[in-house]
Amino acid sequence: MSARDLTGPAGPSAVSMVGMVVAVDGTSGSGKSSTCRGVADRLGLSYLDTGAMFRAMTWWMLREGVDVHDAEAVAARCDEPDLVSGTDPTAPTITVDGHDVAAAIRTDEVTSAVSPVSTVPQVRARLLQMQRAIITSHTGSGGIVVEGRDIGSVVWPQAPVKVYLTADPGARAARRALESGAVDVGATEQSLRERDRIDSGRTTAPLVMADGAAQLDTTTYTLDEVIGLLVGLVEEAGSAEATR
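Bear in mind the structure is a predicted one, so any value in this text is a computation, not a measurement.

Colleague: Teacher, can you tell me more about the pattern of salt bridges here?
Modeller: Taken as a whole, this structure holds six salt bridges when the rule is applied. Where Glu 64 meets Arg 63, a salt bridge forms, and the shortest distance between an N and an O atom there is 3.2 Å. By relative accessible area, Arg 63 is classed as partly exposed at 40%. Notably, a salt bridge pairs Arg 77 with Glu 64, separated by 3.3 Å at the nearest N-O pair. Remark: Glu 64 occurs in the loop between α2 (50-63) and α3 (71-77) and Arg 77 occurs in helix α3; sequence separation between them is 13 residues. Each of the salt bridges in this network shares a partner with another, and the network as a whole consists of Arg 63, Glu 64, Arg 77, Glu 80 and Asp 97.

Colleague: Before we go on, may I ask you to explain the pairing of strand β6 (residues 144-148) in this structure?
Modeller: Two faces belong to every sheet, and in a regular strand the side chains alternate between them. Counting buried positions along β6 gives five out of five residues, so the element sits mostly inside the fold. Burial along β6 is two-sided: Ile 144, Val 146 and Gly 148 and Val 145 and Glu 147, pointing in opposite directions, are all buried. Bridging between strand β1 (residues 21-26) and β6 involves five bridges; their strand directions are parallel. Considered in β6, the bridge of Val 21 is made with Ile 144. In the sheet, strand β2 (residues 46-49) pairs with β6 via four bridges, with the strands oriented parallel. Note on β6: the bridge partner recorded for Leu 48 is Val 146.

Colleague: Explain the packing of α2 against helix α5 (residues 121-137) to me, please; I cannot follow it from the model alone.
Modeller: When two helices pack together, their arrangement is given by the angle between the helix axes and by the axis-to-axis distance. Look at α2 against α5: their axes get within 11 Å of each other, and the N-to-C directions meet at 135 degrees. Put simply, α2 runs oblique to α5. Between α2 and α5 the crossing geometry is right-handed. Each of Thr 50, Met 53, Phe 54 and Met 57 in α2 lies in contact with α5, whose residues at this interface are Val 123, Arg 124, Arg 126, Leu 127, Met 130 and Gln 131. Here the contact of α2 with α5 is built from residues that sort into six nonpolar, two polar and two charged.

Colleague: Explanation requested: the pairing of β1 in the structure shown.
Modeller: In terms of burial, β1 is largely enclosed, as six of its six residues are buried. Every second residue of β1 is oriented toward a common face, with Val 21, Ala 23 and Asp 25 on one face and Val 22, Val 24 and Gly 26 on the other, all of them buried. In this structure, β1 lies alongside strand β7 (residues 161-166), joined through five bridges in parallel fashion. Following the sheet pairing, Gly 26 is matched in β7 by Leu 165.

Colleague: How should the packing of α2 against helix α4 (residues 108-118) be read in this particular structure?
Modeller: Axis separation between α2 and α4 bottoms out at 8 Å; the angle between their running directions is 105 degrees. As the angle between them shows, α2 and α4 are arranged roughly perpendicular. On α4, the residues that touch Phe 54, Arg 55, Met 57, Thr 58, Trp 59 and Leu 62 of α2 are Glu 109, Val 110, Thr 111, Ala 113, Val 114, Val 117 and Ser 118. Per-class residue counts for the contact of α2 with α4 are eight nonpolar, three polar and two charged.

Reading the values: the criteria
- Residues numbered from 1 in each chain as written.
- Predicted model: local features only at pLDDT ≥ 70, side-chain atom pairs only at ≥ 80, totals over all residues.
- Heavy atoms only, no water.
- Salt bridge = Lys/Arg side-chain N within 4 Å of Asp/Glu carboxyl O.
- Buried < 20%, exposed > 50% of the residue type's maximum accessible area, 1.4 Å probe, protein only.
- Helix = DSSP H or I, 4+ residues; strand = E, 2+ residues; numbered from the N terminus.
- Pairing = 2+ DSSP bridges.
- Axes fitted to C-alpha atoms, helices over the stretch in contact; angles between N-to-C directions.
- Parallel < 35°, antiparallel > 145°, perpendicular 65-115°, else oblique.
- Left-handed = near helix turned anticlockwise from the far one by under 90°.
- Contact = heavy atoms within 4.5 Å.
- Nonpolar A, V, L, I, M, F, W, Y, C, P; charged D, E, K, R; others polar.

Below is the structure:
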């Protein structure tokens, strides 16, 4: 399904966001975070970055001197850190044991180590439980936009709106290099491709496009255009729910 499949009328003005869960998956550098924050802010929804949770877990493992390539060592300690994810799309936060790690989890060291940590089943099981609890807490009186790599397929497959974002590898690398200040775009692209390979090939919750998800290639679209497309899709789903 292309981006054009997401265009069209938003539907009647009566749009219900109560209980709305928007599951957004996709490849690294495809614009998930900026898009999801923008959609959540525009629609008055909460926001959860599940990737930040895996990064926070990875940061803790590195700080504690755990060998991130030793799955048994990672599994043995993954219940120890206290992770708390904020859900304000205008000011998302992530803390570990009470410490703000929003900047620390974006370093090259964490980026290069997050995939092996993310493949450990015990890590995924613990964070899956946390993610579902956060989503549940926001579906009673509001809604939430959740981004990651297995949200529509594993975390919340019953989401009314499921989207899979991707982009040309070169475009993704250029965006990621701009965000991180990296000079070697080629090396950044190689790193992104390797992470996609690992995440797509892992046994537990691999990166896949969920059944029923709308696929959007963001390569030729501006951020505002992508946000607009997704807002329209969510409003359409909310309108359909309101008329039931």
